[in-house]
Amino acid sequence: MTDHYDLCVIGSGPAGEKGAVQAAYFGKRVVLVEKAPAVGGACVHTGTLPSKTLREAALYVTGFQKRKLYGMTLDIDKQASLRRLMGRLRAVTEQQVSQISQNMRRHEVEVVKGQATFTGPREITVTDGSGAVAGRMLTADRFLIATGSSPHRPPGVPFDDHDVEDSDTILDLDRIPQSLAVVGGGVIGCEYACLFAALGTAITIIEGRSSLMGFLDGEMSERLRSALARGGHRILLGDAVLSIERVVGGPLHIKLKSGQSLEVDKVLYSAGRAGNTGGLGLDRAGVAVDPKARIPVNQHFQTSQPHIYAAGDVIGSPALASVSMEQGRVAMCHAFGIPYKTKVSPLTPYGVYTIPEISMLGATEEELTKQGIPFEVGRAGYDSNARGQITGEQDGALKLLFHTETKRLLGVHMIGDRATELVHIGQMVMCFSGTIDVFIDSVFNFPTLAEIYKYAAYDGLGRLARRTGTTVPPTPAAL
Ligand SMILES: Cc1cc2nc3c(=O)[nH]c(=O)nc-3n(C[C@H](O)[C@H](O)[C@H](O)COP(=O)(O)OP(=O)(O)OC[C@H]3O[C@@H](n4cnc5c(N)ncnc54)[C@H](O)[C@@H]3O)c2cc1C
């Protein structure tokens, strides 16, 4: 028997959940197919929330950020810490699964367990994946493919060794390693490196490029590198892994392109992600796939089959939970002609949960220079902010980039405690095309980290005044 729906969604991660609920909210009959035992996708089970929960728990259990402030040393019971970390992880995961399930129920989205495969452009079968049981047939007017991505496993890396991990398997943690080599200095690699550093693991990051997380403003990337180096960790830039071998009964032995070699307890290989398109039968649906197994879409998130939409990690960059949710909603508004959300905001903040954490919005200094846009920089450090001094935060800083003529805010770059929260102050100003005068004219709570915006703005206007030879910061009318 075949059941017919207005919309069939494949995958219950952020893109699938929000897309399904958006359509259901506007009265559509929606079915969602999920092959994993629980809803939530990589966001809840292997990606965003597990890594952030472990980070928060590690900071609490080890007192990492505060212990120096109060003259305390690190003396943690690693097994007990691991139990607490994993306990917290289970609790948050269960809460999230329950919340997402409730959201589906509230909006009457029917959730079907099993693996979805297209048998034609308007029809899928749902099976248990083994092929042993006949599948249930579902047809729909519209489809949303939100199947996410998985860690890329390059050939030649011995993932069969129980101490060679990717970002999924690292979560099945049996112990806190003494030493860890992180291959790949991207977001996931750097986040896990900082998490384990907080737990007392000796870290080596191996990155082929000349900086960590190349998309960041260069100053912020360098501040993170030096914070890690100050903690005694090794950051090997411009290097690459040639081989990883297990010394029998001993540690893992890594040979590097530079000629160096390392012996470590564990390796985390973080070499990018590939779209989950295998087994979906996309050829039968007439949906094109690119060489990295991602699904190309147009600005409305339509695939090469206009009634089949795709959103989230499966379409590629930026591969963030935050953006995936919006893509799912926008895609479904277009699919059903709902006059609500028409595009994903181009002002996307990036949050990197390293220790210290980093967040950014808008252009970097390198991008503005390349584009020939005239800009000035305003900086302020947490060390000269009253709240920063109280909390003992040393590595924090805010960097604002603004247009020299209009004083419009062009970029916000922040490192330090709560950076991923505080960036939204700059975001609101940028959303309304505001100038950095907004920060000068605003009254901020005192003492707060947020007040740092005012001092970064003063710094920027002071530089601009010096550059233009004026004694007072110029006003927009004067320019
Ligand atoms: C370690 C790590 C940390 C991260 N941290 C952050 C962060 O701090 N902030 C942030 O915004 N993002 C973060 N991300 C990225 C974020 O997790 C992803 O962008 C997000 O989960 C993508 O959502 P999605 O809906 O596209 O796919 P997913 O969340 O991957 O969900 C896809 C779902 O589809 C299901 N599925 C796949 N194929 C089928 C099929 N054939 N039939 C049925 N079901 C199927 C899967 O089982 C899965 O449940 C992180 C990712 C990782 C790995």
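Up top is the structure.
Before going into details, it helps to say that this report is about the structure given with it. (Residues numbered from 1 in each chain as written. Predicted model: local features only at pLDDT ≥ 70, side-chain atom pairs only at ≥ 80, totals over all residues. Heavy atoms only, no water.)

1. A short note on helix α6 (residues 218–230)
No. 1: Compared with an ideal rise of 1.5 Å per residue, which puts 13 residues at 18 Å, α6 spans 18 Å between its outermost C-alpha atoms and is within 8% of the ideal.
No. 2: Taken together, the buried positions of α6 are M220, S221, L224, A227 and L228. The buried residues of α6 occupy one face: seen down the axis, they fall within an arc of 125°.
No. 3: Summarising the contacts, the buried residues of α6 are in contact with α5 (187–198), β10 (202–207), β11 (234–237), β19 (358–362), β21 (397–403) and β22 (409–415).
No. 4: Following α6 by one or two positions, G232 adopts a phi angle in the positive range, close to 90°. (Helix = DSSP H or I, 4+ residues; strand = E, 2+ residues; numbered from the N terminus. Expected span 1.5 Å × (residues − 1). Buried < 20%, exposed > 50% of the residue type's maximum accessible area, 1.4 Å probe, protein only. Arc of directions from axis to C-beta. Contact = heavy atoms within 4.5 Å.)

2. A closer look at the nonpolar core
The nonpolar side chains of a soluble globular protein tend to be buried with one another.
No. 1: Membership of the largest hydrophobic core comes to 49 residues, with the highest contact counts inside it found for L7, V30, F118, I124, L144, I145 and M332.
No. 2: Those residues in contact with L7 that lie beyond four places of it in its chain are G19, A20, A23, R29, V30, V31, A140, R142, F143, L144, M332 and F336.
No. 3: Ranked by size, the runner-up nonpolar core spans 39 residues in total, among them M86, Y192, L268 and I358. (Core = buried A, V, L, I, M, F, W, Y, C linked by side-chain atoms within 4.5 Å.)

3. Looking at the packing of aromatic side chains
No. 1: Considering all chains together, one arrives at seven aromatic pairs under this definition.
No. 2: Between F159 and Y269, the ring centres sit 6.0 Å apart and the planes meet at 75°, which makes this aromatic pair edge-to-face. One end of the pair, F159, is in the loop between β7 (149–151) and β8 (164–165); the other, Y269, is in strand β15 (residues 266–269), with 110 residues separating them in the sequence.
No. 3: When its relative accessible area of 13% is taken as the criterion, F159 is described as buried.
No. 4: Residue class for Y269 comes out buried when judged on its relative accessible area of 13%.
No. 5: Geometrically, the ring pair formed by F439 and Y453 is tilted, given 4.9 Å between the ring centres and 35° between the ring planes. Of this pair, F439 sits in helix α12 (residues 437–441) while Y453 is found in helix α13 (residues 452–468), placing the two residues 14 residues apart along the sequence. Of the two residues, F439 and Y453, both sit in the buried class.
No. 6: A connected cluster of aromatic rings, assembled from ring pairs, spans Y25, F26 and Y340.
No. 7: In this arrangement the basic side chain of R142 is found over the ring face of F336, its NZ or CZ atom lying 5.9 Å from the centre. (Phe/Tyr/Trp six-rings, centres within 6.5 Å; stacked < 30°, edge-to-face > 60°. Lys NZ or Arg CZ within 6 Å of the ring centre and 35° of its normal.)

4. Focus: the pairing of strand β20 (residues 375–381)
No. 1: Burial analysis of β20 places six of its seven residues in the buried class, the great majority of the element.
No. 2: Examined bridge by bridge, β20 and β21 share seven bridges and lie antiparallel to one another. Across the sheet, F375 pairs through a bridge with H403, a residue of β21. (Pairing = 2+ DSSP bridges.)

5. Topic: unusual backbone geometry
No. 1: The omega angle of the peptide bond from S317 to P318 is 5°, so this bond is cis rather than trans.
No. 2: In this fold, P318 is placed in the loop between β17 (308–310) and α8 (321–335).
No. 3: Here the amide bond leading from I355 into P356 is cis, since omega sits at 5°, within 30 degrees of zero.
No. 4: Relative to the assigned elements, P356 resides in the loop between β18 (350–352) and β19.
No. 5: A positive phi is found at M213, a non-glycine position, where the angle reads about 45°.
No. 6: You can see M213 is positioned in the loop between β10 and α6.
No. 7: On the basis of relative accessibility, which here comes to 3%, the residue M213 falls in the buried class.
No. 8: Backbone geometry places A293, a non-glycine residue, at a positive phi of 65°.
No. 9: With respect to the helices and strands, the residue A293 is situated in the loop between α7 (282–285) and β17.

6. Quick word on the packing of helix α1 (residues 14–25) against α8
No. 1: For the pair α1 and α8, interaxial distance at closest approach is 7 Å and the crossing angle is 35°. Along this stretch, α1 crosses α8, giving a crossing that reads as right-handed. Packed against α1, whose contacting residues are P14, A15, K18, G19, Q22 and A23, the element α8 presents A321, S324, M325, G328, R329, M332 and C333 at the interface.
No. 2: Split by residue class, the contact of α1 with α8 holds seven nonpolar, four polar and two charged. (Axes fitted to C-alpha atoms, helices over the stretch in contact; angles between N-to-C directions. Left-handed = near helix turned anticlockwise from the far one by under 90°. Nonpolar A, V, L, I, M, F, W, Y, C, P; charged D, E, K, R; others polar.)

7. Regarding the sheet that holds β10
No. 1: Taken in spatial order, the five strands line up as β8-β15-β9-β10-β11 in an open sheet, and their pairing is parallel. The open sheet has two edge strands with one neighbour each: β8 and β11.
No. 2: As defined by bridge partners, strand β9 (residues 179–183) adjoins β10 across five bridges and the pair is classed as parallel. Among the inter-strand pairings, L180 is bridged to a residue of β10, identified as I203.
No. 3: In the packing of α5 onto the sheet, the strands contacted are β9, β10 and β15, and the crossing angle to β10 comes to about 165°.

8. A closer look at the site of the ligand
No. 1: Near the ligand there are 36 residues, and of these E34, T48, K52, D313 and A321 occur at the shortest range.
No. 2: For the ligand, an oxygen atom lies 2.9 Å from a polar atom in the backbone of A321.
No. 3: Taken by itself the ligand offers 1,000 Å² of open surface, and the protein chains cover 94% of this.
No. 4: Among the secondary structure elements, those contributing two or more residues to the shell around the ligand are α1, β2 (30–34), α2 (41–45), α3 (48–62), β4 (115–120), α5 and α8.
No. 5: Of the residues in the shell around the ligand, the class split is 16 nonpolar, 15 polar and five charged. (Near = heavy atom within 4 Å. Polar contact = N/O pair within 3.5 Å; in protein donor to acceptor, adjacent residues only side chain to side chain. Areas by Shrake-Rupley, 256 points an atom, 1.4 Å probe, with all protein chains shown as cover.)

9. Thoughts on α5
Count 3.6 residues to each turn of an α-helix, and residues three or four apart come out pointing the same way.
No. 1: Its twelve residues place the ends of α5 17 Å apart at the C-alpha level, agreeing with the 16 Å of an ideal helix rising 1.5 Å per residue.
No. 2: For α5, the tally of buried residues reaches ten of twelve residues, placing the bulk of the element in the interior.
No. 3: All of the buried residues along α5 are G189, C190, E191, Y192, A193, C194, L195, F196, A197 and A198.
No. 4: In this structure, the buried residues of α5 make contact with α3, β9, β10, α6, β15 and β18.
No. 5: Just downstream of α5, G200 is the residue with a positive phi angle, here 95°.

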